[in-house]
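# An overview of the molecular structure
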Amino acid sequence: MEPVRLSKRLAELGVCSRREADSYIEQGWVKVDGEVAVLGLKVLPHQKIEVDARARAAQSARVTILLNKPVGYVSGQAEKGYPPAVTLVTGSSRWVGDTARQRFTPGHLKGLAPAGRLDIDSVGLLVLTQDGRIAKQLIGENSQVEKEYLVRVTGQLIPNGLALLNHGLSLDDEPLMPAEVGWQNEDQLRFVLRQGKKRQIRRMCELVGLRVTGLKRVRIGKIMLGNLPPGQWRYLRDDESF
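Figured I'd write up the structure that's included with this text.

Rules used in this analysis
- Residues numbered from 1 in each chain as written.
- Predicted model: local features only at pLDDT ≥ 70, side-chain atom pairs only at ≥ 80, totals over all residues.
- Heavy atoms only, no water.
- Buried < 20%, exposed > 50% of the residue type's maximum accessible area, 1.4 Å probe, protein only.
- Helix = DSSP H or I, 4+ residues; strand = E, 2+ residues; numbered from the N terminus.
- Contact = heavy atoms within 4.5 Å.
- Phe/Tyr/Trp six-rings, centres within 6.5 Å; stacked < 30°, edge-to-face > 60°.
- Pairing = 2+ DSSP bridges.

### What about helix α6 (residues 200-207)?
Those residues of α6 not exposed but buried are Gln200, Ile201, Arg202, Met204 and Cys205. Tucked inside the fold, the buried residues of α6 contact β9 (147-155), α5 (161-166), β10 (170-171), β13 (188-193) and β14 (210-220). One or two steps after α6, the chain reaches glycine 209, where phi turns positive at roughly 90 degrees.

Below, the structure is given as structure tokens:
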């Protein structure tokens, strides 16, 4: 078996992200077979890897924020005059119903990045995190975490359209993974997806004769949007996971 970079191995083991692994290695917090590792080191599966408690402490200090994104904000960097969603994360916009013990500090904004997209004209649950492990879980190459959406539509559904939404459509010349799609009422569909192509739901609907007029993400994995008001946020609690 070919050796792999230590940072990749740590990420595969779910210890941290590759970028975090490189940081820990630079600070001398990682040992391989009892020796302090150096950047670029490659390892084999049988080698013993130890991570210093200081790295664990650094991880536990990282925060994950759940935001109810309104229309008009982009998930990541500012685009075409639209502000990034992270600008909504302030002390005054924290939800009064947040039961997490963290006290908000400006340090919680450092390195805070979206773990997944939500379009400018879409609303609902957006995850912003400092934790590379959570980012990998939600948007990593092999992520299978469910995302649930409520989608208002207009138009005339083509014959067999609902079945095609569940399985059988392709985007960007690639077959889509099976989805779970059904009617909530006469003008609203419920989508459950396990992948996240750009504007996927809107494009899927167009293929079967429908036009999306409203899209709201209400769940990611085990985390529900719940009563979190638009434009407000809360911390992911220690007893919660996706």
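### Structural notes on the packing of aromatic side chains
One pass over the full model with this rule turns up three aromatic pairs. When the ring of phenylalanine 104 is compared with that of tryptophan 233, the centres are 5.5 Å apart and the planes differ by 55 degrees; the resulting orientation is tilted. On the criterion of sequence distance, the pair formed by phenylalanine 104 in the loop between β6 (64-69) and β7 (113-114) and tryptophan 233 in strand β16 (residues 233-235) is long-range, its members being 129 residues apart. Given a relative accessible area of 22%, phenylalanine 104 falls into the partly exposed group. Geometrically, the ring pair formed by tryptophan 233 and tyrosine 235 is edge-to-face, given 5.0 Å between the ring centres and 90 degrees between the ring planes. The rings of Phe104, Trp233 and Tyr235 are connected pair by pair, giving a single aromatic cluster.

### Examining the pairing of β13
Most of β13 sits out of view: five of its six residues are buried. Sheet topology places strand β12 (residues 180-185) next to β13; five bridges connect them, and they run antiparallel. Bridge pairing links glutamate 180 to valine 192 in β13. In sequence, β12 turns back onto β13 through a hairpin of two residues.

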